[in-house]
Amino acid sequence: MDIGLFLLAFGLLSSVSGGWVALNVRDSATALNRWAQANAELRRHAQGDFGPETRSASATLFRYLGTAVGLGGAVLALGGLAMVL
């Protein structure tokens, strides 16, 4: 029963956070994109690379990843609910 409660809580948390990014609520995916760009720029400057930036991620990629996390969390939550009941 303890693992069921853990799976239920963890699944609900990841479903909500993944859904938040997947649906781009309050521009969360674009904020993640800006955060990734800022970190990449800081990393390039720390390495002494002052050339043009290279794009590695976009807000659409973060939305797809949020969808995957949200669906995975839903599966965990349903599994935890089945264990508790």
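Position numbers for residues count from 1 along each chain, tracking the sequence in the order it is written. The model is predicted, so local features are restricted to residues of pLDDT at least 70 and side-chain atom pairs to those at 80 or more, both for listing and for counting; the totals for chains, interfaces and linings are taken over all residues. Note that water and hydrogens are dropped before the side-chain values are worked out from all heavy atoms of the structure.

**Describing the environment of alanine 9**
Point 1. Positionally, alanine 9 belongs in helix α1 (residues 2-22).
Point 2. Partly exposed describes any residue whose relative accessible area lies between the buried limit of under 20% and the exposed limit of over 50%, with all areas from a 1.4 Å probe on protein chains only and scaled to the type maximum. According to the relative accessible area criterion, alanine 9 is partly exposed, its value standing at 47%.
Point 3. Spatially, the C-alpha atoms of alanine 9 and leucine 81 are 9.5 Å apart, while their sequence positions differ by 72 residues. Secondary structure elements follow DSSP: runs of H or I of four or more residues count as helices, runs of E of two or more count as strands, with numbering from the N terminus.

**Re the side chain of arginine 44**
Point 1. Its place among the elements puts arginine 44 in helix α2 (residues 28-47).
Point 2. Here arginine 44 occupies a buried position and makes no salt bridge, while the nearest side chain of opposite charge, aspartate 49, is found at 4.7 Å.
Point 3. Contacts between residues were defined by any pair of non-hydrogen atoms, one from each residue, lying within 4.5 Å. Apart from residues lying up to four places away in sequence, arginine 44 is in contact with Asp49, Gly51, Pro52, Glu53 and Thr54. His is not counted here, nor are the chain ends, while Lys and Arg score as positive and Asp and Glu score as negative. Salt bridge, as applied in this entry: a Lys or Arg side-chain nitrogen positioned within 4 Å of an Asp or Glu carboxyl oxygen.

**Notes on the packing of α1 against helix α3 (residues 59-84)**
Two quantities define a packed helix pair, namely the angle between the helix axes and the distance between the axes.
Point 1. All axes are obtained by fitting lines to C-alpha atoms, using only the stretch in contact for helices, and the reported angles, taken between N-to-C directions, cover 0 to 180 degrees. Packing of α1 against α3 brings their axes to within 6 Å, and their N-to-C directions diverge by 155 degrees. Comparing the axis directions of α1 and α3 gives the class roughly antiparallel. Both α1 and α3 take part in a crossing whose hand is left-handed.
Point 2. Note on residue classes: Ala, Val, Leu, Ile, Met, Phe, Trp, Tyr, Cys and Pro are nonpolar, Asp, Glu, Lys and Arg are charged, and everything else, Gly too, is polar. Grouping the constituent residues of the contact of α1 with α3 by class yields 16 nonpolar, eleven polar and one charged. Note that the term roughly parallel is reserved for angles under 35 degrees, roughly antiparallel for angles over 145, roughly perpendicular for angles of 65 to 115, and oblique for everything else. Left-handed describes a crossing whose near helix is turned anticlockwise from the far helix by less than a right angle; the clockwise case is right-handed.

As far as function goes, none of this settles anything; it's purely spatial.
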